[in-house]
Amino acid sequence: MCRSDLNPPKISLNGFFVARMEHSAIRGGRDRGQAPPDFHPGYTTFRFSNLLFYPNLIRNIAMKTLHIAPLSAALLLALSANSQAAFDPAQFGALDPNFGSQGKQTTSFSPHNDIAKDLALQSNGKLVLAGFAYNNEGDDRDFALLRYNTDGNLDTTFGTGGKITTAFFAAPNDLSEVANAVVIQPDGKIIAAGWTKGKPIIQNDEVVGFNNRIFALARYNTDGTLDKSFDVDGLVTTKLRAAVESNEDTISDIALQADGKIVVTGWSYDAVAKGYDFATVRYLSNGALDTSFGAAKNGIVLTAIGESDDGANGIVIQPDGKILVAGMSCNSQNCSTINGNDDFAFARYNPDGTLDNTFNDDGKASFSTAILIYNDGASRVILQPDGRIVAAGGRSKGDDNYRQEGDFALVRLNANGQLDASFGQVGWVKTPIGLDRSDAADLAYRADGKLVVVGAAMYNTVNTSFAMATYNPNGSLATSFGQAASGIVTTTFGANPSAANAVMIQPNGYITVAGSAQSPAYGADFAAARYLAADVTPNPFGFTPLGSQEVSTKLESNSVTPSGFDGSTSISVQNGEYRINAGEYTTASGVINPGDQVTVRQTTSSSYNTSNTSVVTIGGVRGDFATTTRALPESGGGGVVGLEGLALFGVPLLAWARRRFAGKAK
């Protein structure tokens, strides 16, 4: 997937879908307009980067108790301060006036295009945005990162004045770098991932070779300096294939494993097959390739999904260690004709890099919203707490008709890789936003089960705006959110084009979005906006355990009033039933409001000295009600039974003996 702002897809939107989605689903060609053979200049645009803040659980759900990099107590108190009073539902989706300038912020690196592709939240509440920035001459792009304080203003303790840029090659050989993803380690170090490309190799005034795109990662200390313990200089590059002409490799997304290993996914061009493949690579924490990953034991896994071009855009690591990636796949030999289109595509790998055959039988799956009409593709993917998989991206007719030409598109799969028929229309949701077209770039999961999806929407064939839609768990638009109870919010940055590339949900429920906005004086700038939302994640809670209970007995827990949230959120139970306030007990999932009491009921184990646990989950936070049955009555030595044994066996036996001997006496 070659995103290039120098060679945009057909719909350039004044450079803004270009800036947002630098490769457009394998489309758009290479930096200087040189596309490999069989490249199809399609029209569907999908984004690369996304936040993976809680990589081993659920991306983009701000769990107060389960995330890898625990938020500081001070931050939680600050972020939850507004949770003491009920959240006004009418404000759901309104801009946060305490962030930047009335909820919005823009930052320029150069007089040219500077684009934020991803964002991440530090444990102290500061925001890190990553993408690329041009130099002042406009002929070279570098990794670009900035850090905002919690109020949306630049953190001057980071880099130079809150900003850093990183080149992977020394001048004059450096040509271009783009960071598509960023993640923060538990120790606070920051990893940005994307691609780098050097200038053509010239000998005796002749071009003798090309330095095409290769995987690139940079790790930074908390102050923005390069971390020299990552490789030797803080920079890692990886060429995935041996042939020089095959060097067209791009990282789209990044995830962290619980053991500290780094997993990235993206695209790799196969010069022999003349197409792109899913490319997933795992590194050790020091930046070296993990030789325990992949069949070749080189840390690299390349996977063909369809008949020609495939590319991965999103990654999530499941709690069981399996690696799920999503993107797009061409469903024919040539997707530049009317006989082929791009589809949403998925692959799931075992922890060793082999395909997981429990996922759609062979570890791979692809789905289309329609037959031979639309190009589809996933921009990002998340994992719900129940194991279901949701991907968001674009759906485009692929022609020059701007009117309603593209939509937000979502697909949800069951854990086995099959479409979830309970979501939308047999697993699909399509949402047009704006008069002309829209594309989804990223998504996040809220603890109340709602999905937040962001991207860009075009209204007049020229200008675009930040676009955000919120969906209920069944795929319908959440009308409690947004403008005119539509479930949709669009945000402009003046009269200039803008587009959202990444979204995250903060621990207090607020929604932060990053992307780019055109500057009146220059090119595009980094842009961010923060929106108000209820805190739907409670503080940790639990129920008093009960011990020495009778077997097979129905017991109630003490009643608990969860705290720390200010809006309606989800509640469910496993291995038991619950009730809210004085309502009826139920096993069905439901909704709980601030101030409600919860009581759990279960039947104790049928065995002695055995524990049984009911699990209540409220807004993604688990609370347990555990019972233990009493010990099995002990028998005395030499076959003498205890009192209970005597009651069970001795008394009836004595009565039998008396009757028997009484009969003989007669």
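Looking at the sheet that holds strand E13 (residues 262-270)
Okay, step 1: The four strands are arranged E12-E13-E14-E15 in an open sheet whose pairing can be described as antiparallel. One side of each edge strand has no neighbouring strand; the edge strands of this open sheet are strand E12 (249-256) and strand E15 (300-303). Ignoring which end each strand starts from, the neighbouring axes of this sheet average 25° apart.

With respect to the packing of aromatic side chains
Okay, step 1: Tallied over the entire structure, the rule returns eleven aromatic pairs.
Okay, step 2: Centre to centre, the rings of Trp267 and Tyr276 are 6.1 Å apart; their planes meet at 75°, and the pair counts as edge-to-face. Tyr276 matches Trp267 in its accessibility class, with the two residues each being buried.
Okay, step 3: Ring plane angle 90° and centroid distance 6.1 Å describe the contact between Phe541 and Phe543, whose orientation is recorded as edge-to-face. The pair formed by Phe541 and Phe543 is uniform in burial state, with each residue classed as buried.
Okay, step 4: Counting every residue linked through ring pairs, the aromatic cluster contains Trp267, Tyr269 and Tyr276.
Okay, step 5: Lys104 extends its terminal NZ or CZ atom over the ring of Phe493, reaching a point 5.3 Å from the ring centre.
Okay, step 6: The aromatic ring of Trp195 is capped on one face by Arg213, whose charged end is 3.7 Å from the ring centroid.

With respect to the pattern of salt bridges
Okay, step 1: Scanning the model with the defined rule gives 21 salt bridges in all.
Okay, step 2: Across the salt bridge formed by Asp155 and Lys126, the nearest N and O atoms sit 3.0 Å from each other. Of this pair, Asp155 sits in the loop between strand E4 (141-148) and strand E5 (163-166) while Lys126 is found in the loop between strand E2 (114-121) and strand E3 (127-134), placing the two residues 29 residues apart along the sequence.
Okay, step 3: Note on Lys126: relative accessible area 17%, which makes it buried.
Okay, step 4: One connected set of salt bridges, linked through shared partners, spans Asp386, Arg388, Arg412 and Asp420.

Topic: the environment of Leu217
Okay, step 1: Here Leu217 is to be found in strand E10 (residues 214-220).
Okay, step 2: Classification of Leu217 as buried rests on a relative accessible area of 0%.
Okay, step 3: When the C-alpha positions of Leu217 and Val182 are compared, they lie 9.5 Å apart, and in sequence the two are 35 residues distant.

Regarding the sheet that holds strand E36 (residues 598-603)
Sheet strands line up and pair through hydrogen bonds in the backbone, either parallel or antiparallel.
Okay, step 1: Reading across from one edge, E32-E36-E34 is the order of the three strands in this open sheet, with antiparallel pairing throughout. One side of each edge strand has no neighbouring strand; the edge strands of this open sheet are strand E32 (554-556) and strand E34 (577-580). Across the sheet, the mean angle separating the axes of adjacent strands is 20° when strand polarity is ignored.
Okay, step 2: Sheet analysis places E32 next to E36, joined by three bridges and oriented antiparallel. Directly across from Glu556, in E36, lies its bridge partner Arg601.

Considerations on the environment of Pro633
Okay, step 1: The topology assignment puts Pro633 in the loop between strand E38 (621-629) and helix H3 (643-665).
Okay, step 2: A relative accessible area of 35% places Pro633 in the partly exposed class.
Okay, step 3: Sequence separation of Pro633 and Tyr608 is 25 residues, and the distance between their C-alpha atoms is 8.9 Å.

Concerning the pairing of E12
Okay, step 1: Where burial is concerned, most of E12 is hidden: eight out of the eight residues are buried.
Okay, step 2: Relative to E13, E12 is paired through seven bridges, and the arrangement is antiparallel. By the bridge assignment, Ala255 is partnered in E13 with Val263.
Okay, step 3: Counted between consecutive antiparallel strands, the loop separating E12 from E13 contains five residues, among which Gly260 sits at a positive phi close to 90°.

What about unusual backbone geometry?
Okay, step 1: Even without glycine at this site, Asp231 takes up a positive phi of about 55°.
Okay, step 2: Relative to the elements of secondary structure, Asp231 occurs in the loop between E10 and strand E11 (235-238).
Okay, step 3: Phi at Asn609 takes a positive value of approximately 55°, unusual for a residue other than glycine.
Okay, step 4: Among the secondary structure elements, Asn609 is positioned in the loop between E36 and strand E37 (611-618).
Okay, step 5: For Asn609, a relative accessible area of 56% gives the class exposed.

Topic: the side chain of Asn501
Okay, step 1: With respect to the helices, strands and loops of the structure, Asn501 is situated in strand E28 (residues 498-505).
Okay, step 2: A polar atom in the side chain of Asn501 sits 2.8 Å from the backbone oxygen of Ala116.

Observations regarding the side chain of Gln257
Okay, step 1: Among the structural elements, Gln257 can be located in the loop between E12 and E13.
Okay, step 2: A residue is classified by how much of its surface remains accessible, and Gln257, at 12% relative accessible area, is buried.

Some details on the environment of Val381
Okay, step 1: Note that Val381 resides in strand E20 (residues 375-383).
Okay, step 2: Distance from Val381 to Gly314, taken between C-alpha atoms, is 5.4 Å for residues 67 residues apart in sequence.

What about the nonpolar core?
Okay, step 1: Counting residues in each nonpolar core, the largest one holds 25 residues, and the members touching the most others are Phe466, Met468, Val503, Ile511, Val513 and Tyr531.
Okay, step 2: The set of elements that each furnish at least two residues to this core consists of strand E25 (451-458), strand E26 (464-471), E28, strand E29 (511-518) and strand E30 (524-531).
Okay, step 3: Those residues within four positions of Met468 in sequence are excluded, and the remaining contacts are Val452, Val453, Val454, Phe481, Gly487, Ile488, Val489, Ile511, Val513 and Tyr531.

Basis of the calculations
- Residues numbered from 1 in each chain as written.
- Predicted model: local features only at pLDDT ≥ 70, side-chain atom pairs only at ≥ 80, totals over all residues.
- Heavy atoms only, no water.
- Pairing = 2+ DSSP bridges.
- Helix = DSSP H or I, 4+ residues; strand = E, 2+ residues; numbered from the N terminus.
- Axes fitted to C-alpha atoms, helices over the stretch in contact; angles between N-to-C directions.
- Phe/Tyr/Trp six-rings, centres within 6.5 Å; stacked < 30°, edge-to-face > 60°.
- Buried < 20%, exposed > 50% of the residue type's maximum accessible area, 1.4 Å probe, protein only.
- Lys NZ or Arg CZ within 6 Å of the ring centre and 35° of its normal.
- Salt bridge = Lys/Arg side-chain N within 4 Å of Asp/Glu carboxyl O.
- Polar contact = N/O pair within 3.5 Å; in protein donor to acceptor, adjacent residues only side chain to side chain.
- Core = buried A, V, L, I, M, F, W, Y, C linked by side-chain atoms within 4.5 Å.
- Contact = heavy atoms within 4.5 Å.

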